[in-house]
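Observations on the model geometry
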Amino acid sequence: MHLRDGGRVPASVQPYFFLSYAHTPRFGAGGPDPDMWVERLYRDLCSHVMALTDLPAGAEAGFMDREIRSGEGWSERLGAALATCRVFVPLFSPRYFASEMCGKEWFAFAQRAIHQGAVSNQPAEAIVPALWVPVPPSQLPGPAERLQFNHNTFGERYVTDGLYGLIKLRGYAEQYERAVYELAKRIVRVAETVRLTPVRPVDYRVVPSAFGPTGGHAGGVSRSLHVTVAAASRHDLPDGRSPEYYGDSALEWNPYHPVSRRPVAYVAEELVKNLNYQTSIGSFDDEAGHFDSKQPPTRPEILIVDRWAVEDPDRRQRLAAFDQESRPWINVVVPWNRYDHQSRAKENELAQRLEETLPVKMGQGRAACRAAANGVANMETLGQILPQVVEAAAQQYLRHAQVYLPAGTQSERPRLLGPMGMGAPPVPPPAPFPPDTFGDHNDGNDSNDTDRGDADDSES
């Protein structure tokens, strides 16, 4: 993530809420703007929020991205608004979940909540959805489906027709006013309860979509990914290693302590869910015997490794055996806290031992994958790099998964079935983050990306 203007967010872009919606195209040149009704809703919400809070005159009650989407510097201002707003208000509609831009807005805001939840070890849910047009539950992508939100409190007619129906149909003015007022009260209540901390803006143009690579068409489709953690517990640590970073199992390993109060496995799980995956987690020690490279993969996977884990001879042997099997759909992530004085003192020794144990995995894949394997310095960097590592693993899964022909038919082009539920050709990976995103681990020079993983990635 990169700060503009020397690290300061412009004071003029610190809105109370961010209204996210899908632009509706005009039906003809010079015709009425269909989004005029969204603008009315936005003005009404701003008015209610100002009345319900002590925001000073001239304060930014709200932010609606349509105001700047086509203007100069829109990405910077959009990123600043998403990094500082207190509540995110998505207007649900089928068009919304088919929009990559809306998915990017959702992803950027949700990353803030995940980061704050890791720091505080408390829920930090600050997304308040509104029904612009009712959407069947089966069409909701995972991030929207998982929201705990009761729309019924806004009125029966609101649930059946949405705000668009209430604002357009005659005779429903009272129901519209009630729904908007209740929505404004919910926005204020969440803002005052969660107190989401502002962060440094991301470059909105290069973040992935929270709805998956196919936008709203991924709604109702199960994409699964497994996270495995190779780490010790506090009961089997190497001699002299501090137990403050460990728990009763590998899944309780917390490398970013004391900044983070949540184990890295659960932080990674939330980050992956924010990419519209169903996620499971497990310990390498428990699952090491279950890997079988002779069988086609059933899902992409991420292996999170503690460099200290290879101090145990038995675990190091099992990791080395795992490395010798060809599993390009499994990418390695190595969290590394340089404020951990013990780790810093042994950094070169531990890094060399891990490279000797996992030589294939440490050099596999794109630049982002290699950067993740060489050490992720903090949670912020983890949030930036993990989406790229996940999508690289997903692309490799699509290339190596079992191919099935539809039963009883002949197909010129076979399609993939199974846990990922993807029947379309692989989509291109998301654009990379700026070259200096990964600090010391990525020099931004991809000219040497000629390893086996990148060769695979060039296939269509």
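Just so we're clear, the structure is a prediction, and the values are computed from it rather than from any experiment. (Residues numbered from 1 in each chain as written. Predicted model: local features only at pLDDT ≥ 70, side-chain atom pairs only at ≥ 80, totals over all residues. Heavy atoms only, no water.)

Looking at the overall build of the chain
When its secondary structure is counted, the chain shows 16 helices and 10 strands. For the chain, with 460 residues in total, the buried portion stands at 53%. Counted over contacts in the chain with a minimum sequence separation of 6, partners at least 24 positions apart contribute 77%. For the chain, the exposed area adds up to about 21,200 Å²; of that, 50% sits on carbon and sulfur atoms. (Helix = DSSP H or I, 4+ residues; strand = E, 2+ residues; numbered from the N terminus. Buried < 20%, exposed > 50% of the residue type's maximum accessible area, 1.4 Å probe, protein only. Contact = heavy atoms within 4.5 Å. Areas by Shrake-Rupley, 256 points an atom, 1.4 Å probe, with all protein chains shown as cover.)

Describing the nonpolar core
Note on soluble globular proteins: their nonpolar side chains tend to be buried together. With 107 residues, the main nonpolar core has Phe-17, Trp-106 and Leu-163 as its most contacted residues. It is helix 7 (residues 173-194) that provides the largest number of residues to this core, a total of 10 residues. Leave out the neighbours within four places in its chain, and Trp-106 touches Phe-88, Pro-90, Phe-92, Tyr-96, Phe-97, Ile-127, Pro-143, Ala-144, Leu-147, Ala-210, Phe-211 and Asn-274. Judged by nonpolar contacts, the second largest core, of 18 residues, contains Ala-230, Val-310, Phe-322 and Leu-354. (Core = buried A, V, L, I, M, F, W, Y, C linked by side-chain atoms within 4.5 Å.)

Structural notes on the environment of His-257
Turning to its location among the elements, His-257 is positioned in the loop between strand 5 (224-230) and helix 8 (264-273). In this structure His-257 comes out as partly exposed when scored by relative accessible area, which is 24%. Put simply, His-257 and Tyr-339 are 82 residues apart on the chain and 9.1 Å apart in space, counted from C-alpha to C-alpha. In contact with His-257, other than residues within four places in its own chain, are Glu-244, Tyr-245 and Asn-337. Reaching out from His-257, the side chain makes a polar contact with the side chain of Glu-244 at a distance of 3.2 Å. (Polar contact = N/O pair within 3.5 Å; in protein donor to acceptor, adjacent residues only side chain to side chain.)

A look at the packing of aromatic side chains
A full pass over the atoms with the stated rule returns 15 aromatic pairs. Pairing Phe-92 with Phe-97 gives two aromatic rings, centres 4.9 Å apart and planes at 65°, and the pair type is edge-to-face. There is no split in this pair, since Phe-92 and Phe-97 are both buried. Considering the side-chain rings of Tyr-96 and Phe-97, the 5.3 Å spacing of their centres and the 90° angle between planes classify their relative orientation as edge-to-face. Taking NZ or CZ as reference, Arg-223 lies 3.9 Å from the ring centre of Tyr-277, over its face. Arg-307 extends its terminal NZ or CZ atom over the ring of Trp-336, reaching a point 4.3 Å from the ring centre. (Phe/Tyr/Trp six-rings, centres within 6.5 Å; stacked < 30°, edge-to-face > 60°. Lys NZ or Arg CZ within 6 Å of the ring centre and 35° of its normal.)

With respect to the sheet that holds strand 5
Pairing in this open sheet of four strands is parallel, and the strands run 6-5-7-8 from one edge to the other. Lying at the two open borders of the sheet, with one neighbouring strand each, are strand 6 (278-283) and strand 8 (330-333). If you compare each strand with its neighbour and ignore which way they point, the axes differ by 20° on average. As judged from the four bridges shared by strand 7 (residues 301-305) and strand 8, these two strands associate in the parallel manner. (Pairing = 2+ DSSP bridges. Axes fitted to C-alpha atoms, helices over the stretch in contact; angles between N-to-C directions.)

Here's the deal with the packing of helix 8 against helix 15 (residues 379-400)
Running from amino to carboxyl end, helix 8 crosses helix 15 at an angle of 60°, the nearest separation of the two axes being 10 Å. When you trace helix 8 past helix 15, the crossing you get is right-handed. Taken together, the residues of helix 15 that come into contact with helix 8 (itself represented by Val-264, Val-267, Ala-268, Leu-271 and Val-272) are Leu-382, Gly-383, Leu-386 and Val-390. Residue composition of the contact of helix 8 with helix 15, by class: eight nonpolar, one polar and no charged. (Left-handed = near helix turned anticlockwise from the far one by under 90°. Nonpolar A, V, L, I, M, F, W, Y, C, P; charged D, E, K, R; others polar.)

Thoughts on the sheet that holds strand 2 (residues 62-64)
In space, the four strands of this open sheet follow the order 2-1-3-4, with parallel pairing throughout. Only two strands of the sheet have a single neighbouring strand rather than two, namely strand 2 and strand 4 (130-131). Across two bridges, the pairing between strand 3 (residues 87-92) and strand 4 is parallel. Paired with Leu-91 across the bridge in strand 4 is Ala-130. Against the sheet, helix 4 (residues 100-120) engages strand 1 (17-20) and strand 3, with an angle of about 155° to strand 3.

Here we look at the layout of surface pockets
For the largest pocket, the calculated volume is near 660 Å³. Within the residue set of the lining of the largest pocket, elements represented by two or more residues are helix 4, helix 7 and helix 8. In terms of residue count, the dominant contributor to the lining of the largest pocket is helix 4 (six residues). When the residues that make up the lining of the largest pocket are grouped by side-chain class, the tally is 15 nonpolar, six polar and seven charged. (1 Å grid on protein atoms, 1.4 Å probe; cavity = no way out; pocket = protein on both sides within 12 Å on 5 of 7 lines; lining within 4 Å. Points joined across faces, edges and corners; volume = space filled by probe spheres on them.)

Regarding helix 7
Here helix 7 contains 22 residues, and its C-alpha end-to-end distance of 32 Å stays within 8% of the 32 Å for a straight helix at 1.5 Å per residue. All buried positions along helix 7 are accounted for by Tyr-176, Ala-179, Val-180, Leu-183, Ala-184, Arg-186, Ile-187, Val-188, Val-190, Ala-191 and Val-194. Packed against the buried residues of helix 7 are strand 1, helix 1 (36-52), strand 3, helix 4, strand 4 and helix 6 (156-168). Positive phi shows up at Arg-195, right after helix 7, with a value of about 55°. (Expected span 1.5 Å × (residues − 1).)

Things to note about unusual backbone geometry
Cis geometry is adopted by the peptide bond preceding Pro-258, which originates at His-257 and carries an omega value of 5°. Assignment of secondary structure puts Pro-258 in the loop between strand 5 and helix 8. Notably, Asn-121 is not glycine yet its phi reads approximately 60°, a positive angle. In this fold, Asn-121 is placed in the loop between helix 4 and strand 4.

Things to note about the environment of Ala-191
Take Ala-191: it is sitting in helix 7. On a C-alpha basis, the gap between Ala-191 and Arg-86 in space is 5.6 Å, while along the polypeptide they are 105 residues apart. Sequence-distant contacts of Ala-191, that is, excluding residues within four places in its chain, are made with Tyr-16, Arg-86 and Val-87.

The values are spatial; any link to function lies outside them.
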